[in-house]
Amino acid sequence: MSDYDYDLFVIGGGSGGVRAARIAATHGARVGIAEEYRYGGTCVIRGCVPKKLFVYASKFSEEFEDAEGFGWTVGERGFSWQKLIAAKDQEITRLEGIYRRNLEKTDVEVHDSRAVIEGAHTVRLLTTGQKITAKHILVAVGASPNVDTDLQGAEHVITSNEAFHLAELPDRIVVAGGGYIAVEFAGIFNGLGVETTLIYRGEEILRGFDQDLRTTVRQEMEKKGIRVIREDTFSRIEKRSDGSLVGHTKGGLELKADQIMFAIGRNPHTRELGLEKAGVDMDASGAIKVSADSRTNVASIYAVGDVTNRANLTPVAIREGHAFADTVFGDNPWTVDHSLIATAVFSQPEMGTVGLTQDQALERTPNLDIYKSSFRPMKHTLSGRDEKMLMKMIVDADSQKVLGVHIVGPDAGELAQILGVTLQMGATKADFDKTIAVHPTAAEELVTMREPTERLRG
């Protein structure tokens with residue numbers, strides 16, 4: 001009989017923690033898990049899933065307009081924010097139920113409580129005060145939205161958490177930030193008819209992505225009526241007697257709004273978790289330092305997902321959780337490769353990307369062939385919408401290996417998924433060239449770009 005209550009105790013019921021718990025249990029481990037809010041974590045409850053539902057909702061305004069170019073007469077239409085919220089909530093409740101049932105099916109013991117670490121092998125449930133021992137502890141508590149608490153008037157702003165539960169759809173909103181969350185919500189609110197402004201401190205939005213994609217997405221957002229302010233930040237937020245807000249910027253602007261949303265990054269959710277008591281090392285941001293196999297400096301404590309600040313994406317957390325469980329409990333050690341991750345930004349237009357950006361590729365080799373094509377999607381030849389699609393391929397000129405593929409346009413995220421497979425397999429430009437095109441599709445452009453638009457040589 002073990003000296004511990006569990007072989008594994010997981011703190012955090014998001015995608016990474018739940019996957020680790022389930023896989024460990026299937027390997028025969030006795031597993032417990034604690035979640036202080038709702039099972040499913042950020043992605044399911046207040047992140048990727050509800051956000052994409054909102055993206056779908058926001059696109060109908062353009063779909064109605066585009067239909068006329070195809071012979072449709074669209075009658076009177078209206079939108080109910082309350083109906084969207086209710087439908088979203090119903091779907092999230094359904095998904096949370098699935099997460100719970102999947103844990104129960106694998107005999108994972110579920111605790112609805114915040115859990116904190118008391119030592120290398122001990123956690124405490126705050127709802128009951130119960131202390132639980134475990135041979136291994138996995139921290140998978142994710143991250144939470146960052147708000148500049150030093151900013152005067154910061155108490156008046158919302159984050160993505162609150163945006164999913166607003167009682168009323170605002171007439172005007174200002175979104176602060178230039179990352180994918182800020183850009184996606186700007187598109188959502190704009191599509192739902194809200195007067196939308198995006199303010200970002202940098203020279204261009206979507207830092208970390210390929211420069212051509214960053215510029216293209218921003219230009220297309222502006223075409224859709226989103227006001228994008230760059231190289232400026234808030235100096236203070238003023239709330240007026242009528243309840244409206246005014247965001248005063250360092251550049252001297254006064255941005256009037258009904259809501260001001262901050263999407264300026266996320267911080268690992270490690271405050272008051274007891275990690276210091278156990279001696280777990282963290283960096284300046286509060287992220288838990290881990291090795292490639294997700295182990296902390298304390299041998300019995302591991303961490304996966306956004307709390308480690310490696311690659312903050314739900315599928316990455318799931319892979320990390322699975323790798324941890326297989327390694328520790330399944331006698332099948334493996335680690336996650338973070339170097340090649342396909343991802344999508346559900347901006348409007350959508351962005352899909354896999355592999356290196358042009359700047360990153362230049363750090364590896366000065367000899368690159370760049371293939372780039374910008375064109376109007378076939379749908380818009382009849383809709384008349386002024387929207388461009390961009391496809392860009394970055395190739396090592398010496399080996400002809402494809403280093404990165406980046407797309408802006410309809411279904412870019414869907415394309416990125418299969419492109420991730422090809423790059424993972426080490427595809428060359430010749431592999432793309434000898435692939436027969438699927439016609440008529442936008443994706444055929446990927447296999448018909450023959451001559452580089454730019455040759456870079458060191």
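Shown above is the structure to which this text applies.
A short tour of the structure in this document, coming up. (Residues numbered from 1 in each chain as written. Predicted model: local features only at pLDDT ≥ 70, side-chain atom pairs only at ≥ 80, totals over all residues. Heavy atoms only, no water.)

Points about the sheet that holds strand 19 (residues 368–375)
Backbone hydrogen bonds hold the strands of a sheet together, and the pairing may be parallel or antiparallel. Rule in force here: In this scheme, strands are said to pair when DSSP sees at least two bridges between them. A run of H or I in DSSP counts as a helix once it spans at least four residues, and a run of E counts as a strand once it spans at least two, with each numbered from the N terminus. The axes are straight lines fitted to the C-alpha atoms, using for helices just the contacting stretch, and the angles between their N-to-C directions are given from 0 to 180°.
With respect to topology, six strands assemble into an open sheet ordered 17-18-21-20-19-22, the strand pairing being antiparallel. Of all strands in the sheet, those bounded by a partner on one side alone are strand 17 (343–345) and strand 22 (454–456). Neighbour-to-neighbour, the strand axes of the sheet open up by a mean angle of 15 degrees, direction not taken into account. Where strand 19 and strand 22 come together, three bridges link them in antiparallel fashion.

Overview of a nonpolar patch on the surface
For clarity, the cut-off: The patches reported here contain residues having more than 30% relative accessible area and no salt bridge. Joining distances are 9 Å for like charges and 5 Å for nonpolar side chains (Val, Leu, Ile, Met, Phe, Trp, Tyr). In this description, accessible areas are obtained by the Shrake-Rupley approach with a 1.4 Å probe, and a residue is regarded as covered only by the protein chains that are shown. Any carboxyl oxygen of Asp or Glu that lies within 4 Å of a side-chain nitrogen of Lys or Arg is treated as forming a salt bridge with it. Per-residue accessibility, obtained with a 1.4 Å probe over protein chains only, is compared with the maximum for each type, and a residue is labelled buried under 20%, exposed over 50%, and partly exposed between these values.
Residues Phe70, Trp72 and Leu382 make up a contiguous nonpolar surface patch of about 380 Å² in total accessible area. With respect to the element layout, Leu382 can be found in helix 11 (residues 379–383). Judged by relative accessible area, Leu382 falls into the exposed class, the value being 51%.

Let's talk about the packing of aromatic side chains
The description of an aromatic ring pair uses the distance of the two centres, along with the angle that the planes make with each other. So the rule is basically this: The rule is short: rings of Phe, Tyr and Trp, with Trp giving its six-membered ring, pair when the centres are within 6.5 Å, and they are stacked under 30 degrees, edge-to-face over 60, tilted in between.
Tallied over the entire structure, the rule returns nine aromatic pairs. When the centroid spacing of 5.4 Å and the interplanar angle of 65 degrees are considered together, the rings of Phe164 and Phe185 count as edge-to-face. Pair noted here: Phe164 is in the loop between helix 5 (160–163) and strand 8 (172–176) and Phe185 is in helix 6 (residues 180–191), with a separation of 21 residues, a long-range link. Residue Phe164 is classed as buried on the basis of its relative accessible area of 1%. Ring geometry for Tyr302 against Phe324: centres 4.9 Å apart, planes inclined by 55 degrees, an arrangement best described as tilted. Of the two residues, Tyr302 is situated in strand 16 (residues 301–303) and Phe324 in helix 9 (residues 314–329); the sequence distance between them amounts to 22 residues.

Observations regarding the side chain of Glu320
What counts is decided by this rule: The contact rule is simple, with two residues in contact once any of their heavy atoms fall within 4.5 Å.
As for its placement among the helices and strands, Glu320 is situated in helix 9. On the accessibility criterion, Glu320 (2% relative accessible area) is buried. Those residues in contact with Glu320 that sit more than four places away from it in its chain are Ser294, Val304, Gly305, Thr308, Arg310, Val336 and His338.

Observations concerning the sheet that holds strand 9 (residues 195–200)
Strands sit in the order 10-9-8-14 across an open sheet of four strands; the sheet is parallel. Of all strands in the sheet, those with a lone pairing partner are strand 10 (227–230) and strand 14 (259–262), marking the two edges. Direction aside, neighbouring strands of the sheet carry axes that sit 20 degrees apart on average. Sheet topology note: the strand 8/strand 14 ladder contains four bridges and is parallel. Opposite Ile173, over in strand 14, you have Gln259 as the bridge partner. Along the sheet, helix 6 contacts strand 8, strand 9 and strand 14; its crossing angle with strand 9, the most-contacted strand, is approximately 165 degrees.

Thoughts on the environment of Glu162
Spelled out, the test is: Pairing of N or O atoms within 3.5 Å defines a polar contact, subject to two protein rules: one partner must be a possible hydrogen donor and the other a possible acceptor, and residues neighboring in sequence count only if both atoms are side-chain atoms.
Residue placement: Glu162 occurs in helix 5. Residues Glu162 and Gly178 lie 16 residues apart in sequence; the distance between their C-alpha atoms is 19 Å. Here the side chain of Glu162 touches Thr159 through a polar contact of 2.7 Å, landing on its backbone nitrogen.

Thoughts on the pattern of salt bridges
Note that side chains of opposite charge can pair when their charged atoms are close. Going through the model one piece at a time under the given rule, you end up with 35 salt bridges. The shortest N-O distance in the salt bridge between Lys224 and Glu62 comes to 2.7 Å. Residue Lys224 is located in the loop between helix 7 (211–223) and strand 10, and its partner Glu62 is located in helix 3 (residues 48–67); the two are separated by 162 residues in the primary sequence. Residue Glu118 pairs with Lys131 through a salt bridge whose shortest N-O separation is 3.9 Å. Taken together, the residues span a long stretch of sequence, with Glu118 in strand 4 (residues 115–119) and Lys131 in strand 6 (residues 131–139) at a distance of 13 residues. Look at Glu118 and you get buried, because its relative accessible area is 19%. Taking the relative accessible area as the measure of exposure, Lys131 reaches 53% and is therefore exposed. Three or more residues are tied together by salt bridges with common partners; here these are Glu62, Glu63, Glu65, Asp66, Lys224, Lys379, Arg385 and Glu387.

Description of the side chain of Glu220
Here Glu220 shows up in helix 7. The class for Glu220 is buried, based on a relative accessible area of 4%. Polar side-chain contacts of Glu220 include one of 3.4 Å to the backbone nitrogen of Lys388. When neighbours within four sequence positions are excluded, Glu220 is seen to be in contact with Pro349, Asp386, Glu387 and Lys388.

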